[in-house]
Amino acid sequence: MKSVKDISYKLSKWILAIYFIVAIMAPFLAGDKPIYCYENGKMSFPMFSSSFSDIPIIKNYPSEACLWPLIPFSPTNIDHNNQSAISPFASGDKKQFQLRHWLGTDKLGRDVAAGMIHGTVVSLKIGVFSVFFTFIIGVSLGIFSAYYRDDDLSITLPVLLINTILFFGGLYYLIMEWIIFKPSFLLFFTGFVILVLVLFFLSKMIKNKFNSKKYAFPLDLLLIKLIEIRKSFPGIFILLSLVSLFTIPSLWNIIFIISLLGWTEFARFARAETLAVKEENFILNAKVLGFNDLRIIIHHILPNILPTLMVIACFSMAGAILLESTLSFLGIGLPVEEVTWGKMMAEGRNMKAWWLVVFPGLAIFLLILSLNTIASGFQKSNVQKLL
Amino acid sequence: MVGYVLKRILLVIPTMFIVMIIAFFLSKIVPGDAAESMLVLQGINLDGPNAQKEYQRNYSFLGLDKPTFYFSLTPDFYPANVNHILSQSKRQQTKSFLLQKFNYKDIKDYFELRDSLFDQQPIIQNDSAKILYSNRTELLFDTNPDKIKKILQTLTSDPLTDHVDLLIKLEKSVDKMIMNKSNFYYPKINWHGFDNQFHQWATNILTGNFGVSLKDGRMVGDKISGALKWTFLLIFLNIFFTTLIAVPAGLYAGYSEGSWFDKISSFFWILLYAIPVFWLASLLIVYCTSDQYGRWMDLFPVPGIWYIPEGQSFVQSLAHFSGQLVLPVICLIANDIAQLSRITRNNVIELKSKLYITYARSKGLDQWQILKNHILPNALLPLITVIGGRIPAGISGSLIIEIIFNIPGMGRLIYESIFSADWNVVFSILLVISIFTILFMLLTDIVYIAVHPKIKSAMA
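On a predicted model such as this, the values are computed, not experimentally measured, just so you know.

Calculation criteria
Residues numbered from 1 in each chain as written. Chains lettered and ligands numbered in written order. Predicted model: local features only at pLDDT ≥ 70, side-chain atom pairs only at ≥ 80, totals over all residues. Helix = DSSP H or I, 4+ residues; strand = E, 2+ residues; numbered from the N terminus. Rg over C-alpha atoms; globule rule 2.2 N^0.38 Å. Buried ≥ 20, exposed ≤ 12 C-beta atoms within 10 Å, placed from the backbone. Contact = placed C-beta atoms within 7 Å. Nonpolar A, V, L, I, M, F, W, Y, C, P; charged D, E, K, R; others polar. Axes fitted to C-alpha atoms, helices over the stretch in contact; angles between N-to-C directions. Left-handed = near helix turned anticlockwise from the far one by under 90°. Domains from an automatic or database assignment. Parallel < 35°, antiparallel > 145°, perpendicular 65-115°, else oblique. Expected span 1.5 Å × (residues − 1). Arc of directions from axis to C-beta.

Student: Whenever I open this one, the overall build of chain B confuses me. Can you help?
Tutor: Within chain B, the regular secondary structure consists of 19 helices and 2 strands. Taking 2.2 N^0.38 as the reference for a compact globule, 460 residues should give roughly 23 Å; the C-alpha atoms of chain B span a radius of gyration of 33 Å, well beyond that estimate. In terms of principal-axis extent, the alpha carbons of chain B reach across some 115 × 60 × 40 Å. Burial analysis of chain B (460 residues in total) assigns 28% to the buried set. Of the contacts formed within chain B by residues at least 6 apart in sequence, a portion of 71% connects residues at least 24 apart.

Student: When you look at the interface of chain B and chain A in this model, what are you seeing that I'm missing?
Tutor: Interface size is commonly expressed as the accessible surface area that is lost when the partners come together. With 39 residues of chain B in contact, the opposing surface of chain A contributes 36 residues. Elements that contribute at least two residues to the side of chain B that touches chain A include exactly α1 (2-28), β1 (71-75), α11 (260-274), α12 (277-288), α16 (367-404), α17 (410-419) and α18 (423-451) of chain B. Here the element with the most residues in the side of chain B that touches chain A is α18 of chain B; it accounts for 7 residues. For the side of chain B that touches chain A, a count of residues per class yields 33 nonpolar, 5 polar and 1 charged.

Student: Sorry, what's going on with the packing of helix α10 (residues 220-255) of chain B against helix α14 (residues 326-352) of chain B here?
Tutor: To characterise two packed helices, one gives the angle between the axes of the helices and the distance between these axes. Residue and element names in this part refer to chain B. Running from amino to carboxyl end, α10 crosses α14 at an angle of 35°, the nearest separation of the two axes being 7 Å. The two elements α10 and α14 cross, and the hand of that crossing is right-handed. Looking at side-chain class alone, the contact of α10 with α14 contains 18 nonpolar, 7 polar and 3 charged residues.

Student: I tried to follow the domain arrangement of chain B on my own but got confused; where do I start?
Tutor: The domain boundaries assigned to chain B delineate domain 1 (32-70 + 196-209), domain 2 (72-191) and domain 3 (220-459). The distance between the C-alpha centroids of domain 2 of chain B and domain 3 of chain B comes to 61 Å.

Student: What should I look at first to understand the packing of α14 of chain B against α16 of chain B in this one?
Tutor: All names here are of chain B. Contact geometry for α14 and α16: axes closest at 10 Å, N-to-C directions at 155°. The orientation of α14 with respect to α16, classified from their angle, is roughly antiparallel. Handedness of the α14/α16 crossing: right-handed. Contacts from Pro 328, Cys 331, Leu 332, Asp 336, Leu 340, Ile 343, Thr 344, Asn 347, Val 348 and Leu 351 in α14 reach Ile 375, Asn 378, Ala 379, Pro 382, Leu 383, Val 386, Arg 390, Gly 397, Ser 398 and Ile 401 in α16. Residues belonging to the contact of α14 with α16 are distributed by class as follows: 13 nonpolar, 5 polar and 2 charged.

Student: Just to check I follow, could you spell out the environment of Leu 233 of chain B for this structure?
Tutor: All names here are of chain B. Tracing the chain through its elements places Leu 233 in helix α10. Among the residues examined, Leu 233 registers 17 C-beta atoms within 10 Å and is labelled partly exposed. Sequence spacing of Leu 233 and Thr 94 is 139 residues, and the spatial spacing of their C-alpha atoms is 50 Å.

Student: In this structure, what is going on with the environment of Val 329 of chain B? I would like to understand it.
Tutor: Residue and element names in this part refer to chain B. With respect to the helices, strands and loops of the structure, Val 329 is situated in helix α14. A C-alpha to C-alpha distance of 8.6 Å links Val 329 and Ile 401, two positions 72 residues apart in sequence. Discounting residues that sit within four places of it in the chain, Val 329 has contacts with Leu 237, Asn 238 and Phe 241.

Student: Teacher, can you tell me more about helix α7 (residues 145-157) of chain B here?
Tutor: Working note: α-helix, 3.6 residues per turn, so residues spaced by three or four point in the same direction. Residues and elements named next belong to chain B. Here α7 contains 13 residues, and its C-alpha end-to-end distance of 18 Å stays within 8% of the 18 Å for a straight helix at 1.5 Å per residue. Taken as a whole, α7 has its buried residues at Ile 148, Leu 152 and Leu 155. Considered in projection along α7, the buried side chains sweep an arc of 60° and stay on one side of the axis. Residues of α7 that are exposed and point more than 90 degrees away from the buried face comprise Asp 146, Lys 147, Lys 150, Gln 153, Thr 154 and Ser 157.

Student: Can you walk me through unusual backbone geometry in this structure?
Tutor: Only a minority of non-glycine residues have a phi that is not negative, and only a minority of peptide bonds are not trans. For Arg 149 of chain A, which is not a glycine, the phi torsion comes out positive at approximately 50°. Within the fold, Arg 149 of chain A resides in the loop between α3 (112-148) and β4 (154-156). Using a count of 16 C-beta atoms within 10 Å as the deciding quantity, one classes Arg 149 of chain A as partly exposed. A positive phi angle, close to 55°, is found at Ala 421 of chain B, a residue other than glycine. Turning to its location among the elements, Ala 421 of chain B is positioned in the loop between α17 and α18. Of the residues examined, Ala 421 of chain B has 16 C-beta atoms within 10 Å and is grouped as partly exposed.

Student: Sorry if this is basic, but what is going on with helix α4 (residues 88-99) of chain B here?
Tutor: Residue and element names in this part refer to chain B. The terminal C-alpha atoms of α4, which comprises 12 residues, lie 17 Å apart, in line with the 16 Å expected from a rise of 1.5 Å per residue. All buried positions along α4 are accounted for by Gln 93, Thr 94, Phe 97 and Leu 98. One side of α4 holds all its buried residues, which, seen down the axis, span an arc of 140°. For α4, the exposed residues lying more than 90 degrees away from the buried face are Ser 89 and Leu 99. Among the structural elements, α5 (104-119) are those in contact with the buried residues of α4.

Here it is, written out as structure tokens:
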């Protein structure tokens, strides 16, 4: 017999899948241009051609000849007949069934259902991308620091000196050229990766050239200190102050800041798990076989700690989505024209319009609930695998 | 153990120093100019005749002319300290020239010549000379060398222009600037000593002086201490009620694992844990503060404006607004109850399978004795860390509640200050809260060690 937990786990997976489908299909679900028209023997795809952009009103297309998106409004489309928050039961052009506002309208007369679909895109974008970046930063730092600890990464003084000078010198020029003089994040990032790779191979090449005393590089201690410093800034306060530093609001700023602040969870768990896995026999065997460290980390440690990291990924995706909706609820960080769940909710609270509060909130709630359930489902299956 | 605690306390100091550095540099990269905000605060017209003088006075009064940090790492063509230029427009123009990699020495020469040109009043004979004169003033704002040269050439080619020699000199200095452009540079370390902005700021903060709010001129320290009371009150209420409800519920659910109470409460906590706090707050405000949806739904007072008159004591205002606190506290504790009771339940379940519980059972102790003497102490110990960790998280959590319910705490203060670009207040709050977080983490650690028998005996 299946337990309630298994059913809720499966259900949550389906709910999450539906969210992703809605986000990917968003332009087809809500938009003010028909997907496909067949008129006077001519076929056209107004949604994909920019030339139709000047006639976005539904009345310009005969509804029999066109295939419309499910909700014939775009999230920014203002319906002048239904302004100042019309409730779902009282709204819409009753004669034309398609033009009803199924979930009501907001203060400006924008369709709530279309806004909800657009909000899904924003939330999932932030959730997925910020988890992606935090995962990469946090997991790599955590694994390396746990693998080498404080004394396994020994380095001779000349190599350390050369590396330090080259690294900070290179970083200085990178910052000067591409952050101060000609700001370009992409060039800076590429330059940084190239710098790190060059230094990595250089230090491999010159590693055995010097016969001086070796010193341990305290990688683990540095990471722990870094995590401690990050933890001493309470979440939403530092987030708010960082977001307000950007003069031009955008989605990517928020993703950048959430990644900058959120990697510590991944680092902590990746570190703890690696410490446990490192002592297993198969790692020792791999070392005896003479595999290099990178191969051991990628082929032997990473697959073993991945199940735990998936749990953290689910939780931190829920956290990122919650943070984004909190920010947009407060009206900070996202561009004005972007419609999100949080913004709709803030408007609903001010106008005491239940449909603006209930629907977006339900969307956030369900998303977070299903992510949490999936995470605990993962957790449970990890424990079962161990037994 | 004393040694460990001392070491732990000493280790806090470098962390705090780094936190201060981070908060300081964040406050330095904000958009806007503090000296200009001070002018607005003093009610001085920004385009008025003595605005320049007042600006420079404020600028040096705020210590903005000092170097930023103990040392700086600049390209070799930079001056040691760009901040020392008092005039706002000249400073901005110098920065803009420097970003085009022009040598600071050439820039200085250019400004000197430009000043001597503008010291000479031109003889305005007719209208075309007037146009020329207005053309000349464009030089004061432009930092694009090509454009400057173009303006200079049109001026010199005109027969009406006087001081042609100065104009030619100016053009030559621009040429020199372009010629000496430093495409290759090396980093230069400038040592500034203790007379810098960070040192001044840090010593001020350590003596409790956070500066002046740029919005209303009040002391930032006063504003923060006023707000801190409310935030601490909220955190106290949060932890009190959370512990009061969650711990017994978790204990009972764990003790009677698999019972109806356990099943229903677990399900309920899972739902409650996923509810976004601001959604819960919005729902309660929309449905439960008015009789729009039925008379019995009108349960709570509408979140109003918290006007606290000058001189009213904290207790007085607390008594006045106590009714307003019910709804915020309900929203605050919702997520925490779910979390804490789940942790308590899992602790108890884990403990129940321990050998010493089986032993106690076989000894013939009754259920209540086992619960009281063996399960309870061991289940509650880990909660110290959890509850201690809730305090910094509670500061974060109370932010949105304060904003929604208009409670004049830290969250509301930082939110309002961000919108009015009152960066002094924003980063002071950030610093104060970070320091509190560090202290609470330290305290939690020490308390945990002090009460945990295992660690205590290991350290002895």
